[in-house]
Amino acid sequence: MNLKSDRMKWIFLALRWGIGALFVYAAIGKIANPMAFAAQVDNYRLLPYFLVTLVAAILPWLELCCGLLLIVGKWLPGAALILLALNLVFLIAIISALAKGLDISCGCFSVSGEGMRIGIKKLIENILLSLLTMAIYWQVLSTATKKPIYEGTK
Amino acid sequence: MKWIPKQALWQGIIILMVATLIGLGVNSFHPRKVSLTFKRPPLKYAADSLFAEDLPSVNIAGQNDSVPPTPNASGELIILNAGQLRQLVSQQQAMLLDARTPAEYEAGHLPGAMLLPFDLLYDYEQQINELPKDKWLICYCEGPPCDLGELLAKELLLRGFQKVAVYQDGVNDWKKSYPVIKGKEAGEFEK
């Protein structure tokens, strides 16, 4: 696959914008109501409560920053790496919840919980999202030119 | 190609630091901020005075609020404990709504509770339309971390019901002190 061909560039650009917009959208609801997001994170029963509150305060801003960086095309290696790591963490959390039989809201895109229960459908969605983020990360690394950190990559 | 080149790692660390500063900074003055505590905060049960109109026998001595607050006026869900639930139901001022699946309901539910599964609400529109508006609708599910009771309560509030509350401790708490009813029948609530 020639990652530098025009067609591939446009495909990955569309993918980058789509994933970036998705994470910006996911972040907004959580930024508006960190208390509700903390309750959803706590429902997974994976972290001690102090870490739950830190995650609720910080994670939405991390998603927002990385989503925006993906859209504008700056600091792509760092942004894509973080989003990939986040997706893998979410996947582990969903698998853990399913294994424990927890009937809870995902907390992925909305703090209201409607239509976002943990289940096989949510698991498949997250696996797909992880694969797409992985593809973006791989493309970014493969086409990156060596520049100082503060200049990012094209 | 390295899987995590230095450039990606350093950029990631800086992004994480910036997001942490922004997140903690905004949280400090956010109206719905999370408190950075080590222990999970206890549930905030509703004050007994909230039910004074429905339960004249409720002892509200010592309470400063002589006028009970309007139910759900603040937008926060009203959370009941088992004692308040028992008083309201035995005085026929409340209806219990089980937000879990039919199978979970039949495995054991609160006496007198009606099944209204949150994940299958589209099949229960008629039952929702027939719910009384002058009685408390108390929603519950298994207990933490299950949040189906809360979700059902929010849905009922959106549909215009005013007197809605959540027994957040759920079936797991109820079973410690009182019996549950098995099967499809709602059963009788023993006073």
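Heads up: the structure comes first, above all this text.
In short, a report on the structure. (Residues numbered from 1 in each chain as written. Chains lettered and ligands numbered in written order. Predicted model: local features only at pLDDT ≥ 70, side-chain atom pairs only at ≥ 80, totals over all residues. Heavy atoms only, no water.)

### Quick look at the overall build of chain B
1) Next: A count of helices and strands for chain B gives six helices and five strands.
2) Next: Counting from the amino terminus, chain B carries its helices and strands in the arrangement α-β-α-β-α-β-α-β-α-β-α.
3) Next: The 191 residues of chain B split such that 42% are buried.
4) Next: Residue pairs in contact within chain B that sit at least 24 positions apart in sequence constitute 69% of those at least 6 positions apart.
5) Next: Per element, the accessible surface of chain B, about 10,800 Å² overall, is 55% carbon and sulfur. (Helix = DSSP H or I, 4+ residues; strand = E, 2+ residues; numbered from the N terminus. Buried < 20%, exposed > 50% of the residue type's maximum accessible area, 1.4 Å probe, protein only. Contact = heavy atoms within 4.5 Å. Areas by Shrake-Rupley, 256 points an atom, 1.4 Å probe, with all protein chains shown as cover.)

### Some remarks on the packing of aromatic side chains
Residue and element names in this part refer to chain B.
1) Next: Taken as a whole, this structure holds two aromatic pairs over all chains when the rule is applied.
2) Next: Measuring from ring centre to ring centre gives 6.3 Å for Tyr167 and Trp174, while their planes differ by 80°; the resulting arrangement is edge-to-face. Accessibility classification places Tyr167 together with Trp174 in one group, the buried group.
3) Next: For the pair Trp174 and Tyr178, a centre-to-centre distance of 4.6 Å together with 40° between the ring planes defines the contact as tilted. (Phe/Tyr/Trp six-rings, centres within 6.5 Å; stacked < 30°, edge-to-face > 60°.)

### Quick look at the pattern of salt bridges
All names here are of chain B.
1) Next: Under the counting rule described, the total for this entry stands at seven salt bridges over all chains.
2) Next: With a closest N to O distance of 2.8 Å, Arg100 and Asp98 form a salt bridge. Summarising the burial analysis for this pair, Arg100 and Asp98 share the class buried.
3) Next: As a salt-bridge pair, Glu142 and Arg100 come within 3.0 Å of each other at their nearest N and O atoms. (Salt bridge = Lys/Arg side-chain N within 4 Å of Asp/Glu carboxyl O.)

### Some points on the interface of chain A and chain B
Interface extent is often summarised as the accessible area lost during association of the parts.
1) Next: Taken together, the contact pairs 45 residues of chain A with 42 residues of chain B.
2) Next: In total, chain A and chain B occlude about 3,700 Å² of area from one another, counting both sides; carbon and sulfur atoms represent 68% of this.
3) Next: Linking chain A to chain B there are zero salt bridges.
4) Next: Counting across the chain A and chain B interface gives three residue pairs in polar contact (both at pLDDT 80 or more).
5) Next: Every element with two or more residues in the side of chain A that touches chain B is listed here: helix H1 (6–32), helix H2 (34–43), helix H3 (49–72), helix H4 (76–100) and helix H5 (120–143) of chain A.
6) Next: Here the side of chain A that touches chain B takes 12 residues from H3(A), the largest share from any one element.
7) Next: In terms of residue class, the side of chain A that touches chain B is built from 29 nonpolar, 10 polar and six charged. (Buried area = accessible area lost by both parts, 1.4 Å probe. Polar contact = N/O pair within 3.5 Å; in protein donor to acceptor, adjacent residues only side chain to side chain. Nonpolar A, V, L, I, M, F, W, Y, C, P; charged D, E, K, R; others polar.)

### Examining the pairing of strand S5 (residues 164–167) of chain B
Residue and element names in this part refer to chain B.
1) Next: Of the two faces of S5, the one lined by Val164 and Val166 and the one lined by Ala165 and Tyr167 are each fully buried.
2) Next: Sheet topology note: the strand S1 (residues 78–79)/S5 ladder contains two bridges and is parallel. Bridge pairing in S5 places Ile78 opposite Ala165.
3) Next: Relative to S5, strand S4 (residues 136–140) runs parallel, the two being bridged by four bridges. Its bridge partner lying in S5, Ile138 is registered against Ala165. (Pairing = 2+ DSSP bridges.)

### Focus: the sheet that holds S4(B)
Residues and elements named next belong to chain B.
1) Next: Taken together, the five strands give an open sheet; going across it, the order is S1-S5-S4-S2-S3, and neighbouring strands pair in parallel fashion. The two strands at the open ends of the sheet, each matched to only one other strand, are S1 and strand S3 (114–115).
2) Next: Against the sheet, helix H5 (residues 148–158) makes contact with strand S2 (94–98), S4 and S5, and its axis sits at roughly 180° relative to S5, the strand it touches most. (Axes fitted to C-alpha atoms, helices over the stretch in contact; angles between N-to-C directions.)

### Considering the nonpolar core
1) Next: Core analysis: the biggest nonpolar cluster contains 39 residues, and Tyr137(A) and Ile15(B) have the highest contact counts within it.
2) Next: Elements that contribute at least two residues to this core include exactly H1, H2, H3, H4 and H5 of chain A together with helix H1 (6–29) of chain B.
3) Next: In terms of residues, this core owes the most to one element, H3(A), which gives 13 residues.
4) Next: Not counting residues within four places of it along the chain, the set of residues in contact with Tyr137(A) comprises Pro77(A), Ala80(A), Leu81(A), Leu84(A), Trp3(B), Ile4(B), Pro5(B) and Ala8(B).
5) Next: With 23 residues, the next largest nonpolar core counts Leu121(B), Leu137(B), Cys141(B) and Ala153(B) among its residues. (Core = buried A, V, L, I, M, F, W, Y, C linked by side-chain atoms within 4.5 Å.)

### Description of a nonpolar patch on the surface
All names here are of chain A.
1) Next: Residues Leu88, Ile120, Ile124, Ile127, Leu128, Leu131 and Met134 make up a contiguous nonpolar surface patch of roughly 630 Å² in combined accessible area.
2) Next: At six residues, H5 tops the list of elements feeding residues into the nonpolar patch.
3) Next: Tracing the backbone through its elements, the reader meets Ile120 in helix H5.
4) Next: Overall, the relative accessible area of 57% leaves Ile120 in the exposed class. (Patch = residues over 30% accessible without salt bridge, like charges linked within 9 Å, V, L, I, M, F, W, Y side chains within 5 Å.)

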